[in-house]
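# Analysis of the macromolecular model
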Amino acid sequence: MKKLTPYKLDVPRKERWEETPLNRVEVVDAAEEPLTGFIGDWEASDIEERFARSLIKQGIAFSFREHFFGPTRTTPGAVEIDFLTMPVGEVRPIQIDGEFAHKTQRQKDDDRIKDALFDEFGRKYGFAPVKRIPGELLQTQDDSDALV
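Values in this document were obtained by computation on a predicted structure and should not be read as measured data.

For the rest of this paragraph, the subject is the overall build of the chain. The secondary structure content of the chain amounts to three helices and six strands. Scanning the chain from its N terminus toward the C terminus, one meets helices and strands in the order β-β-α-β-β-β-α-β-α. Out of the 148 residues in the chain, the part that is buried amounts to 27%. For the chain, the proportion of contacts with a sequence separation of at least 24, taken over those separated by at least 6, is 45%. If you sum the accessible surface of the chain, you get close to 11,600 Å²; carbon and sulfur atoms cover 54% of it.

Okay, structure coming up:
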């Protein structure tokens, strides 16, 4: 009886890539730390996150995305303040104007109305007037640090 041998196809083998362990940790310079897209549990834009990091570096206390004039931030008539900063002795509301959300004339008019409503409310409690910061001033972390 003849012994059976399997047929072997003569195909060149592909080069194997060098495998790296999955549990490696990449060391990142703090100045080049990647953005996470969050401030605490809230989703944040890149410019909002850079601004928050600058406030933290300066030791300035802040609250992110506080809403007023309604039970939720999506309630009609509610005003959401991006940052309520609390440097020594005062509360400063700060709005960060991104590239898309605050460019049309209608959006700018809505922003002015909301700022006026909040300024009137805040005056009773000693808040500073709302300050708007254009997003183009916060394109890098160094720009944001210098601004803060």
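Having seen the structure, we can now continue with the description.
All right, on to the nonpolar core then. Membership of the largest hydrophobic core is limited to twelve residues, which are Ile39, Ala44, Ile47, Phe51, Ala52, Leu55, Phe64, Phe83, Ile94, Ile96, Ile133 and Leu138. Among the secondary structure elements, those contributing two or more residues to this core are helix 1 (46-58) and strand 5 (92-97). Counting residues per element, this core draws most heavily on helix 1, at four residues. Each residue touching Ile94, except ones within four places of it in the same chain, is listed here: Phe51, Ile81, Asp82, Phe83, Thr85, Lys131 and Ile133. Among the nonpolar cores identified, the runner-up in size contains six residues, and Val79, Leu84, Phe118 and Val130 belong to it.

Moving on, we get to the sheet that holds strand 3 (residues 61-68). With respect to topology, four strands assemble into an open sheet ordered 3-4-5-6, the strand pairing being mixed. Strands at the two margins of the open sheet, each flanked by one partner only, are strand 3 and strand 6 (131-134). On average, each strand axis in the sheet is tilted by 35° relative to the strand beside it, whichever way the strands run. The pairing of strand 5 with strand 6 spans four bridges and is parallel. For Asp97, the partnering residue across the bridge sits in strand 6 and is Pro134. Contacts from helix 1 reach strand 3, strand 4 (79-86), strand 5 and strand 6, with the element oriented near 25° to strand 4. Packing against the sheet, helix 2 (residues 105-123) makes contact with strand 3, strand 4, strand 5 and strand 6, and its axis sits at approximately 55° to strand 4.

Counted according to the given criterion, the structure contains ten salt bridges. Between Asp97 and Arg132 there is a salt bridge, with its nearest N and O atoms 2.5 Å apart. With Asp97 in strand 5 and Arg132 in strand 6, this pair connects stretches of sequence that are 35 residues apart. Within the structure, one salt-bridge network assembled from shared partners comprises Asp97, Asp111, Asp115 and Arg132.

Counted residue by residue, strand 5 has five buried out of six residues, so it is predominantly covered. Where strand 4 meets strand 5, three bridges bridge the pair, whose relative direction is antiparallel. Its bridge partner being in strand 5, Phe83 is matched across the sheet by Ile94. The antiparallel pairing of strand 4 with strand 5 creates a hairpin that spans five residues between the two strands, and Gly89 there sits at a positive phi of about 85°.

Once that is clear, we can look at the side chain of Ser144. In this fold, Ser144 is placed in helix 3 (residues 141-147). Ser144 has contacts with Arg50, Phe51, Ser54, Leu137 and Leu138, leaving out every residue within four places of it along the chain.

Position of Thr85 relative to the elements: it lies in strand 4. Of the residues examined, Thr85 reaches a relative accessible area of 3% and is grouped as buried. If near-sequence neighbours (up to four positions away) are discounted, Thr85 is found in contact with Leu55, Ile60, Ala61, Phe62, Glu90, Val91, Arg92 and Ile94.

The rules behind the values
Residues numbered from 1 in each chain as written. Predicted model: local features only at pLDDT ≥ 70, side-chain atom pairs only at ≥ 80, totals over all residues. Heavy atoms only, no water. Helix = DSSP H or I, 4+ residues; strand = E, 2+ residues; numbered from the N terminus. Buried < 20%, exposed > 50% of the residue type's maximum accessible area, 1.4 Å probe, protein only. Contact = heavy atoms within 4.5 Å. Areas by Shrake-Rupley, 256 points an atom, 1.4 Å probe, with all protein chains shown as cover. Core = buried A, V, L, I, M, F, W, Y, C linked by side-chain atoms within 4.5 Å. Pairing = 2+ DSSP bridges. Axes fitted to C-alpha atoms, helices over the stretch in contact; angles between N-to-C directions. Salt bridge = Lys/Arg side-chain N within 4 Å of Asp/Glu carboxyl O.

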